[in-house]
Structure formats: structure tokens, C-alpha cells
Amino acid sequence: MSVSDVNDFIRQNRAVADQVEAFRGHWESDKHWVPRREFILRNMNDFEGELHMDQLLSLSMVWANNVFLGCRYSTELLDKVKQMAEGIEVEDAPVFKTRDEIVKQQQGR
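Computed from a predicted model, the values in this text were never measured in an experiment.

Colleague: Give me the environment of Leu 56: which residues, what numbers.
Modeller: Note that Leu 56 resides in helix α4 (residues 50-69). Judged by its relative accessible area of 0%, Leu 56 is buried. Residues Leu 56 and Val 81 lie 25 residues apart in sequence; the distance between their C-alpha atoms is 9.8 Å.

Spelled out as C-alpha cells, the structure:
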């Protein structure tokens, strides 16, 4: 699903789009919200019902926190959200290094 596909879906499904838009946090910039919205839209059909929607929203935040803030989670959880997000393009995503990677780089000088 490309950005234009998402925009087409939103135009054709206004009620769903309004529901998803309500999940946007007031702190989320467009840069963070647009890919997270796509994550939610791509996976909504697999998480129907209020309880399952909460799970989807949580997974979308895990994915966004990992991509944009560098937060780390269990390998199993990250594998799951990366699979769910496959194909979502994030422009200018930050690159994070672990402390060990930085130390190794410094020692190589």
C-alpha cells in the first residue's frame, strides 16, 4: 500500500478514515503519523473489535517508537511489527547506534 493507495482508501472510506484519525496523538507530527496511520490501515482487518483494536494501536506505537525513537523491544515483538509494517516507506527515518557499536567504532580509529 503506497501513500497514494492510502489516500485513495481514505477518500473512499471516510468513516474508517475518521475513526483512524481519532487515534492520532496530539504530539505526533505528520512525519510520524502518516506511516503509523498506514500501519493501522494495513492491519485493521486482522484486529476487529475494541479489544483487538487496542492491541493494534499498541503494536503501531511499538513500531513507531522503534522506527522514530530507537526504542528497543523483544526480538519476537519487533519481528512481528516489522512483518506487519512490511512495505511502509518512512522518509528520513533516523539511524540509531547502540553503545557497543559506538565504542567499537571509536576503538577502530
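Colleague: Could you give an account of the packing of aromatic side chains, naming the residues involved and the relevant values?
Modeller: Tallied over the entire structure, the rule returns 1 aromatic pair. With a centroid separation of 5.5 Å and 20° between ring planes, the pair formed by Phe 39 and Trp 63 is classed as stacked. You can see Phe 39 sitting in helix α3 (residues 30-43) and its partner Trp 63 sitting in helix α4, a full 24 residues away along the chain. Per residue, the accessibility class of Phe 39 equals that of Trp 63, and both read buried.

Colleague: Explain α4 to me, and be specific about the residues and the numbers.
Modeller: Think of an α-helix as 3.6 residues a turn; residues three or four steps apart then line up on the same face. For α4, with 20 residues, the first-to-last C-alpha span of 27 Å sits near the 28 Å given by 1.5 Å per residue. Along α4, the residues that are buried comprise Met 53, Leu 56, Leu 57, Leu 59, Ser 60, Val 62, Trp 63, Ala 64, Asn 66, Val 67 and Phe 68. Turning to α4, the residues buried within the fold contact α2 (14-21), α3 and α5 (75-84). Directly beyond the C-terminal end of α4, a positive phi value near 80° is found at Gly 70.

Procedures and definitions
Residues numbered from 1 in each chain as written. Predicted model: local features only at pLDDT ≥ 70, side-chain atom pairs only at ≥ 80, totals over all residues. Heavy atoms only, no water. Helix = DSSP H or I, 4+ residues; strand = E, 2+ residues; numbered from the N terminus. Buried < 20%, exposed > 50% of the residue type's maximum accessible area, 1.4 Å probe, protein only. Phe/Tyr/Trp six-rings, centres within 6.5 Å; stacked < 30°, edge-to-face > 60°. Expected span 1.5 Å × (residues − 1). Contact = heavy atoms within 4.5 Å.

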